[in-house]
Amino acid sequence: MGTILISGTVVLALLGFGNHVWWLAAAGVLFLYLQYGRDGSASRSSSSGGSSSSSSGSMPASYQAYRKRRDQQAKWERRYRRERPLETRRQEREKSK
């Protein structure tokens, strides 16, 4: 999909030699693609601690990467339960309802 949007942006830029409104359209398409279209991978990796394979929706490259990610997630969850026992109990109560 990114290839289609980039090629569309190039076409709009080429059309812009005759009418500058097309250049604005190309800039708008490019901006929207960069802001929202790259499946949010940059925002997810920065918000989850900076891990390179932090996106939970994509498949890891290897089984070792999967195990590393899974073990790290389990470590974070144990730490969260240990540091916030009241919040953990509240969440368990809400889940059991």
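It should be noted that the structure appears before, not after, this text.
Just so it is clear, the structure is predicted and the values come from calculations on it, not from any experiment.

## Structural notes on the overall build of the protein chain
Each helix and strand counted, the protein chain has 5 helices and 0 strands in total. Within the protein chain, the proportion of its 97 residues that are buried is 9%. Long-range pairs, those at least 24 residues apart, make up 18% of the contacts in the protein chain between residues at least 6 apart in sequence. Summing over all exposed atoms, the protein chain offers an accessible surface of approximately 8,200 Å²; the carbon and sulfur share of this is 60%.

## Regarding the pattern of salt bridges
This structure, assessed with the given rule, holds 6 salt bridges. A salt bridge links Asp71 to Arg70; the shortest N-O distance between them is 3.9 Å. For the salt bridge of Arg84 with Glu83, the shortest nitrogen-to-oxygen distance reads 3.7 Å. The partly exposed category is assigned to Arg84, whose relative accessible area is 39%. In this structure Glu83 comes out as partly exposed when scored by relative accessible area, which is 43%. It is possible to trace a salt-bridge network through shared partners that takes in Arg79, Glu83 and Arg84.

## Focus on a positive patch on the surface
Among the surface-exposed residues, Lys75, Arg78, Arg81 and Arg82 lie close enough to one another that they form a single positively charged patch. Residue position: Arg78 is located in helix 4 (residues 63-83). Using a relative accessible area of 46% as the deciding quantity, one classes Arg78 as partly exposed.

## Digging into the packing of aromatic side chains
The full count for this structure, using the stated rule, is 2 aromatic pairs. Pairing Phe17 with Trp23 gives two aromatic rings, centres 5.6 Å apart and planes at 75 degrees, and the pair type is edge-to-face. On the basis of relative accessibility, which here comes to 37%, the residue Trp23 falls in the partly exposed class. An angle of 35 degrees between the planes, with centres 5.8 Å apart, marks the rings of Tyr63 and Tyr66 as tilted.

About the criteria used
- Residues numbered from 1 in each chain as written.
- Predicted model: local features only at pLDDT ≥ 70, side-chain atom pairs only at ≥ 80, totals over all residues.
- Heavy atoms only, no water.
- Helix = DSSP H or I, 4+ residues; strand = E, 2+ residues; numbered from the N terminus.
- Buried < 20%, exposed > 50% of the residue type's maximum accessible area, 1.4 Å probe, protein only.
- Contact = heavy atoms within 4.5 Å.
- Areas by Shrake-Rupley, 256 points an atom, 1.4 Å probe, with all protein chains shown as cover.
- Salt bridge = Lys/Arg side-chain N within 4 Å of Asp/Glu carboxyl O.
- Patch = residues over 30% accessible without salt bridge, like charges linked within 9 Å, V, L, I, M, F, W, Y side chains within 5 Å.
- Lys, Arg positive; Asp, Glu negative; His and termini not counted.
- Charge placed at Lys NZ, Arg CZ, Asp CG, Glu CD.
- Phe/Tyr/Trp six-rings, centres within 6.5 Å; stacked < 30°, edge-to-face > 60°.

By themselves, these figures tell us nothing about what the structure is for.
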